[in-house]
Every structure is written in structure tokens, then in C-alpha cells.
Amino acid sequence: MKNIAVFTSGGDAPGMNAAVRAVVRKSIFHGLNIYGIKRGFQGLINHEIVPMELGSVADTIHRGGTILLTARSPEFLTAEGQAKAIAFLQDQQIEGLVVIGGDGSFRGARVLHDAGIMTVGVPATIDNDIAFTDHCIGFDTAVNTVTDAINKLRDTATSHERIYVIEVMGRDSGHIALQAGLAGGAESIIVPEAPFDLTEVCNRLQHGVERGKLHSVILVAEGAGSAIHIGDEIKRIMQLDIRVTILGHLQRGGTPTAFDRILASRLAAKGVDMLIEGKSGMMAGYYKGEIKATSFEDIFNNNQEFNWEDYKLASILAI
Ligand code: ATP
């Protein structure tokens, strides 16, 4: 193997740059030529390739976003788009590819693997919804960002004796809501994994009111329902002062935490090692305390488990 390439794909996540940096430097350390593809799968179709050198990734480890840019590529979902991408990689004599992204990006990576191009995945998505890796790059930073927002909103909630309903990212999963809710001491955490019970939320608030507590934080993962709607319902039932805040895309940005930078460095370096060892169609994950390669097939056939122990604990601690 002489020529390998790297790209970032899907939603951006803090720590992607640390992963790109590790791929570039580890490849150069092993005497490989390393190329960056801009804008993920769309960049393969549009022939956006740049040679990467040691200096290409200088001063990037602490930056959020991705220097290689990212995109969603509907064209790559078509047979024609895939054929263009594969032809480009063959034309450029790229023998190995590191795809940094989420579940969708790995489905695209498998297409390239099936076409005979050695391809490995590095999990990076703030949703943390990939099986066989306890952490995805970007999740820890997003949890810290949300926790920081809860701290700030709690100050004003306490001063004005108000209830804040905060909507966080997580279309299909409540991992951010759960971990940030536990860290921020949220009174209620509403996630798509658990049935939503408004009566239970109101009972908790009532319990607080009875002991003189008029401020509370309710955290809602976007996939579990609209914070605006939930806020309106609570207001209607309880006649309390409610404010709603939707954190939105600010959860995607920011300087990555030390945890995310270290995770990105380890997983990306492992991805390069896997290519050198001739492994393809696999992801480098951090699973049960070990850096481990798992096939895309196993990842697609399993879900990241929801942490029900933490969910119960958060509920107990918020009584
Ligand atoms: P995030 O979790 O942050 O959303 P992701 O990697 O899951 O990241 P997607 O938008 O699902 O993001 O996928 C990124 C790109 O991967 C898509 O735009 C598409 O080009 C490609 N892709 C997704 N699913 C498939 C598939 N089934 N077959 C081929 N390519 C796919």
C-alpha cells in the first residue's frame, strides 16, 4: 500500500480535525502518501483531492468543525454517483481510505469496500449512536456544551423561579440528553427511548412546588417531542412560568474536549494501522476499554445501547 486518502462526512463533530491530523501524521510516519478529499463522498464525485503534508494539519487539533469540510451527498446514493466515486479513486491509485463520520457514512464506506477499495471507518458523531464504540468523537464535547448551557440557564431559572424546558439534539437517540441531564442535574429528562409521560413530569414539578421549589430544568431530546409543545402543555396544566430554549447547532461546534482529542487520535491511528494490516470493511472503535476493530456488518446489525442505569439514576437524584 502506497497511497491512502481520508475524508470527513455527514454531520460535523468536534474532534474531526484531531482525527484527520492523526490519519495524516500516522500515514506519513509509515511512509505512505496521504491525500485529503474535500466534502466527503461528494468530493470523490467532484474530484476534490489535495495532497496532505505534516504542515497541512498544523494548528488544527484544538479546532471544532473539519478542515476537510463535510457534506451530505444524495448523488452518492445513486449507482451512477457511486461508479463516478469508485472510478476516481481507481484513477488516482488510492488503495486505502479512512472515512470519518457516522452510521450513514459507514454505509457509504461499505459500498467502496464492496467495490474492492480498502476502506475503514472512524466514528465521529455527536449523537453517539453507533454500536461497538462506547464513545463517538464529538459526543463528549457536545455533552459538555449542553451541560454548560444548563448551568447558565439554571442561574436565571433559579433567580426568576422559572421552569426551563431545553431541547437538545438527538433525532433518534437520547444519549446527549441523558448524559448532560445527569451532569446538569435536570429535574426531568425526556428521550425517544422511553415512553413520554407528561403526568409524571408534572407530578415531579408539583412535588417541587410543594416543598417551595419553583425552578426546574426539563431536558428534551429533539426526537422525543417538541420542547415548545411540551412547554405549552405544562404551562396549561400547571399555570407556572415556563421558558423554552432550543440549543440547536451550537451543540455541534466548539473546541473539542481533551477526551475527544485523545479518542480521535487513538481511533484514527488505529484506522491507519488497520489499512496497513490489510483490514477493510471495519470500524476502529473504543469498546469496553479497548481500541477494537468491528466489521461494518456487525455495526449495522446492532444498536448503541441506551444506558438505562444512568436513566434511572438521573431520575432518583432529581427527586
Ligand atoms: P450523522 O450521524 O452526523 O448524521 P452520518 O455519517 O450518519 O452522520 P448521513 O447524512 O447519514 O450522516 O450520511 C452521510 C453520507 O453518507 C450521505 O450523504 C450519503 O452520501 C452517504 N450514505 C448514507 N447512507 C448511505 C447508503 N445506504 N449507501 C451509500 N451511501 C450512503
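Quick caveat, the model's predicted, so the values are computed rather than measured. (Residues numbered from 1 in each chain as written. Predicted model: local features only at pLDDT ≥ 70, side-chain atom pairs only at ≥ 80, totals over all residues. Heavy atoms only, no water.)

Caption draft 1: Expanded view of the overall build of the protein. Counting secondary structure elements, the protein contains eleven helices and eleven strands. Taken over the C-alpha trace, the protein has a radius of gyration of 22 Å; the compact-globule value for 319 residues is 20 Å, and the two agree within 12%. If you line up the protein on its principal axes, its C-alpha atoms span 70 × 40 × 35 Å. Relative to its full complement of 319 residues, the protein shows a buried share of 51%. When the accessible area of the protein is evaluated, it comes to approximately 13800 Å², of which 50% is carbon and sulfur surface. Across the protein, the mean location of the 29 positive side-chain charges is 4 Å away from that of the 37 negative side-chain charges. (Helix = DSSP H or I, 4+ residues; strand = E, 2+ residues; numbered from the N terminus. Rg over C-alpha atoms; globule rule 2.2 N^0.38 Å. Buried < 20%, exposed > 50% of the residue type's maximum accessible area, 1.4 Å probe, protein only. Areas by Shrake-Rupley, 256 points an atom, 1.4 Å probe, with all protein chains shown as cover. Lys, Arg positive; Asp, Glu negative; His and termini not counted. Charge placed at Lys NZ, Arg CZ, Asp CG, Glu CD.)

Caption draft 2: Region of the structure containing the sheet that holds strand E7 (residues 188–190). Read across the open sheet, the four strands follow the order E7-E8-E6-E9; overall the sheet is parallel. Pairing within the sheet leaves two strands with one partner each, and these edge strands are E7 and strand E9 (242–246). The mean inter-strand angle of the sheet, taken between neighbouring strand axes irrespective of direction, is 15°. Where strand E6 (residues 163–168) and strand E8 (residues 216–221) come together, six bridges link them in parallel fashion. (Pairing = 2+ DSSP bridges. Axes fitted to C-alpha atoms, helices over the stretch in contact; angles between N-to-C directions.)

Caption draft 3: Layout of the packing of helix H7 (residues 198–210) against helix H8 (residues 227–238). In the contact formed by H7 and H8, the axes pass within 11 Å of each other and the chain directions differ by 55°. In terms of their interaxial angle, H7 and H8 are classed as oblique. As H7 packs across H8, the resulting crossing turns out to be right-handed. Along its contact with H7, which presents Leu 198, Val 201, Cys 202, Leu 205 and Gln 206, the element H8 presents Ile 230, Glu 233, Ile 234, Ile 237 and Met 238. The class makeup of the residues in the contact of H7 with H8 is eight nonpolar, one polar and one charged. (Parallel < 35°, antiparallel > 145°, perpendicular 65-115°, else oblique. Left-handed = near helix turned anticlockwise from the far one by under 90°. Contact = heavy atoms within 4.5 Å. Nonpolar A, V, L, I, M, F, W, Y, C, P; charged D, E, K, R; others polar.)

Caption draft 4: How the structure looks around the site of the ligand. The environment of the ligand is made up of 17 residues, and the closest members are Arg 72, Ser 73, Gly 102, Gly 104 and Ser 105. A distance of 2.6 Å is found between an oxygen atom of the ligand and a backbone nitrogen or oxygen belonging to Ser 73. Here Gly 104 contributes a backbone N or O atom positioned 2.8 Å from an oxygen atom of the ligand. Out of a free accessible area of 620 Å², the ligand has 78% covered by protein chains. In terms of residue count, the dominant contributor to the shell around the ligand is helix H4 (residues 103–114) (six residues). Its residues assigned to classes, the shell around the ligand shows four nonpolar, ten polar and three charged. (Near = heavy atom within 4 Å. Polar contact = N/O pair within 3.5 Å; in protein donor to acceptor, adjacent residues only side chain to side chain.)

Caption draft 5: Representation of the nonpolar core in the model. Of all hydrophobic cores here, the largest spans 57 residues; its most connected members are Val 98, Ile 100, Ile 166, Val 168 and Ile 176. The element that contributes the greatest number of residues to this core is helix H5 (residues 139–160), accounting for eight residues. The two domains that each donate at least three residues to this core are domain 1 (3–138 + 256–300) and domain 2 (140–253). Contact partners of Ile 176, with chain neighbours within four places excluded, come to Ile 126, Phe 139, Ala 142, Val 143, Val 146, Val 168, Met 169, Gly 181 and Gln 251. (Core = buried A, V, L, I, M, F, W, Y, C linked by side-chain atoms within 4.5 Å. Domains from an automatic or database assignment.)

Caption draft 6: Spatial organisation of a nonpolar patch on the surface. A contiguous nonpolar patch, built from Ile 228, Val 244 and Ile 246 and spanning about 240 Å² of accessible area, is present on the exposed surface. With respect to the helices and strands, Val 244 occurs in strand E9. (Patch = residues over 30% accessible without salt bridge, like charges linked within 9 Å, V, L, I, M, F, W, Y side chains within 5 Å. Salt bridge = Lys/Arg side-chain N within 4 Å of Asp/Glu carboxyl O.)

Caption draft 7: Quick peek at the sheet that holds strand E11 (residues 290–295). One open sheet holds the seven strands; their spatial order is E3-E2-E1-E4-E5-E10-E11, and the pairing between them is mixed. The open sheet terminates on both sides in strands that have one partner only, identified here as strand E3 (49–51) and E11. Between one strand and the next, the sheet's axes are offset by a mean angle of 25°, whatever the strand orientation. Note: strand E2 (residues 33–37) against E3, three bridges, orientation antiparallel. Considered in E3, the bridge of Gly 36 is made with Val 50.

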